[in-house]
There are 2 protein chains.
Amino acid sequence: MSPRKSVVETRHTRRRILDRGLEIASVEGLEGLTIGRLAAETGMSKAGVLGHFGTKESLQLAVIETAAEAFAREVPQRARDARPGLPRLRAVCEAWVSYLERSPLPGGCFFTAVAAEFDGRSGPVRDAIAAMNTLWQRELRIHVRRAVSVGDLPEDTDVDQFVYDLVATMLALNHFLQFQRDQRASTYARRALHRLLGKPGHV
Amino acid sequence: MSPRKSVVETRHTRRRILDRGLEIASVEGLEGLTIGRLAAETGMSKAGVLGHFGTKESLQLAVIETAAEAFAREVPQRARDARPGLPRLRAVCEAWVSYLERSPLPGGCFFTAVAAEFDGRSGPVRDAIAAMNTLWQRELRIHVRRAVSVGDLPEDTDVDQFVYDLVATMLALNHFLQFQRDQRASTYARRALHRLLGKPGHV
DNA sequence: CCTACCGATCGGTAGG
DNA sequence: CCTACCGATCGGTAGG
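To keep things clear, this report deals only with the structure shown in the data block. (Residues numbered from 1 in each chain as written. Chains lettered and ligands numbered in written order. Predicted model: local features only at pLDDT ≥ 70, side-chain atom pairs only at ≥ 80, totals over all residues. Heavy atoms only, no water.)

A few words on the overall build of chain A. Check the secondary structure of chain A and you find 9 helices and 0 strands. Helices (α) and strands (β) of chain A occur, in sequence order from the N terminus, as α-α-α-α-α-α-α-α-α. Taken over the C-alpha atoms alone, chain A extends approximately 65 × 35 × 30 Å along its principal axes. Each of the 203 residues in chain A was classed as buried or not, and the buried ones make up 51%. Across chain A, every contact between residues at least 6 apart in sequence was considered, and the portion connecting residues at least 24 apart equals 68%. For chain A, the exposed surface amounts to about 9800 Å²; the carbon and sulfur share of it is 53%. When the 29 positive and 24 negative side-chain charges of chain A are each reduced to one mean point, those points stand 4 Å apart. (Helix = DSSP H or I, 4+ residues; strand = E, 2+ residues; numbered from the N terminus. Buried < 20%, exposed > 50% of the residue type's maximum accessible area, 1.4 Å probe, protein only. Contact = heavy atoms within 4.5 Å. Areas by Shrake-Rupley, 256 points an atom, 1.4 Å probe, with all protein chains shown as cover. Lys, Arg positive; Asp, Glu negative; His and termini not counted. Charge placed at Lys NZ, Arg CZ, Asp CG, Glu CD.)

Shown next as structure tokens:
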């Protein structure tokens, strides 16, 4: 029996479980993430792992939360110093491409993976993934709209179409990198972005 | 005990299993496709189902083969009467969009789903999916190259970039339709294609 | 946080 | 093609 841990130690253990869980889920999906494997890889018992979350579904929701925090840190946060409008939008996209290129998670983009996994299902886990997806596209729309309103993009820009094109480029980048393991993918992605956003350094 | 069946009946049973298996796998993935569920939904015993394939892996490979045949029937075959070059390429893309729009499988595009599922894994199943993916992109490249050589597309067209852009549009279409359930997706996809391929009806 | 369980389900086999 | 199994693993619980 392990001795009872302090609050800070408990929180640290929870983080370790979630960080490892995010890595596993990026490869195996959120259903393929099993409590038994998570226990083995953190050196705990299954009951020890489950004690932090109660149910597998709560664990899945906590992993989604963890993924959202990592994404926020890696992409939108890195663009916050750029001037609102096209420069900010470009900075966001460059941080996004760079994140997918570096691919800190072994299975590539967590949200792309679990969106595909849960697209045919329903329930709280799907809803949580969808909520993050909506939040992110809303942020992209705001950047595009701003770029239009300050005159960096043409007045007649279709904002939703623009967001679709950005998302398409990133979905393809993740697909070509992770599935096809084609390193040229980031070149293609940057060229596609260049077509949408123009030359970096110019307005 | 069921009486022994004729060869034609056996083949028919195998087809029924594979058709149902493809539907299940489009939603649950190829790992989530279980022999028990497949048996229940075809009114057979697990041993009866497994007898047709031997192992789950063989079943998975047979489902991939079935999916490839369905895709070939629905997309490239429907474009074979169009003139080689840009008209053929446009016909292929229109059949592709239409296929994703109609979405005969409950989980959307089978290959998109399983590519995401297996991108972090290795083995014969991943290899089979990758082989189909390669075959299809090779066909797309041939159409693009032909469109360039007959003068329908500019001489300096980057063929691989062009294929990347087509795939990006289709991945996004499937994502927006299946995950976001956004019916406007096909409008966005067709506009993106229009930008790449020009106005249908014109060379 | 552990050990020691639970019923359900997994892929697969034996034997007919 | 079936019934009747097998060991392994699933999510989860009891009790400490």
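Superposition of chain B onto chain A requires a rotation of 180 degrees combined with a translation of 0.0 Å along the rotation axis, giving an RMSD of 0.0 Å. Within this description, the copies of the chain are treated as partners about a two-fold rotation axis. Residues of chain B ranked by C-alpha distance from the rotation axis are headed by Ala168(B), positioned 2.4 Å from it. A symmetric contact is evident, with 100% of the interface residues of chain B recurring at the interface of chain A. (Least-squares fit on C-alpha atoms with pLDDT ≥ 70 in both.)

Once that is clear, we can look at the packing of helix α1 (residues 7-32) of chain A against helix α6 (residues 110-118) of chain A. Residues and elements named next belong to chain A. α6 packs onto α1 with a crossing angle of 5 degrees between their chain directions and a minimal axis gap of 9 Å. With respect to α6, the axis of α1 lies roughly parallel. Contacts from Leu22, Ala25, Ser26, Glu28, Gly29, Leu30, Glu31 and Gly32 in α1 reach Phe110, Ala113, Val114, Glu117 and Phe118 in α6. When its residues are assigned to classes, the contact of α1 with α6 shows 7 nonpolar, 3 polar and 3 charged. (Axes fitted to C-alpha atoms, helices over the stretch in contact; angles between N-to-C directions. Parallel < 35°, antiparallel > 145°, perpendicular 65-115°, else oblique. Nonpolar A, V, L, I, M, F, W, Y, C, P; charged D, E, K, R; others polar.)

Moving on: the interface of chain B and chain A. Counting from both sides, the interface comprises 40 residues of chain B and, opposite them, 40 residues of chain A. Between chain B and chain A the total buried area reaches about 3500 Å² when both faces are included, carbon and sulfur atoms providing 52% of it. Where chain B touches chain A, the interface holds 8 salt bridges. In this structure, the salt-bridge partner of Asp165(A) is Arg195(B), at a minimum N-O distance of 2.7 Å. Elements that contribute at least two residues to the side of chain B that touches chain A include exactly α1 (7-32), α6 (110-118), α7 (124-149), α8 (159-179) and α9 (185-197) of chain B. (Buried area = accessible area lost by both parts, 1.4 Å probe. Salt bridge = Lys/Arg side-chain N within 4 Å of Asp/Glu carboxyl O.)

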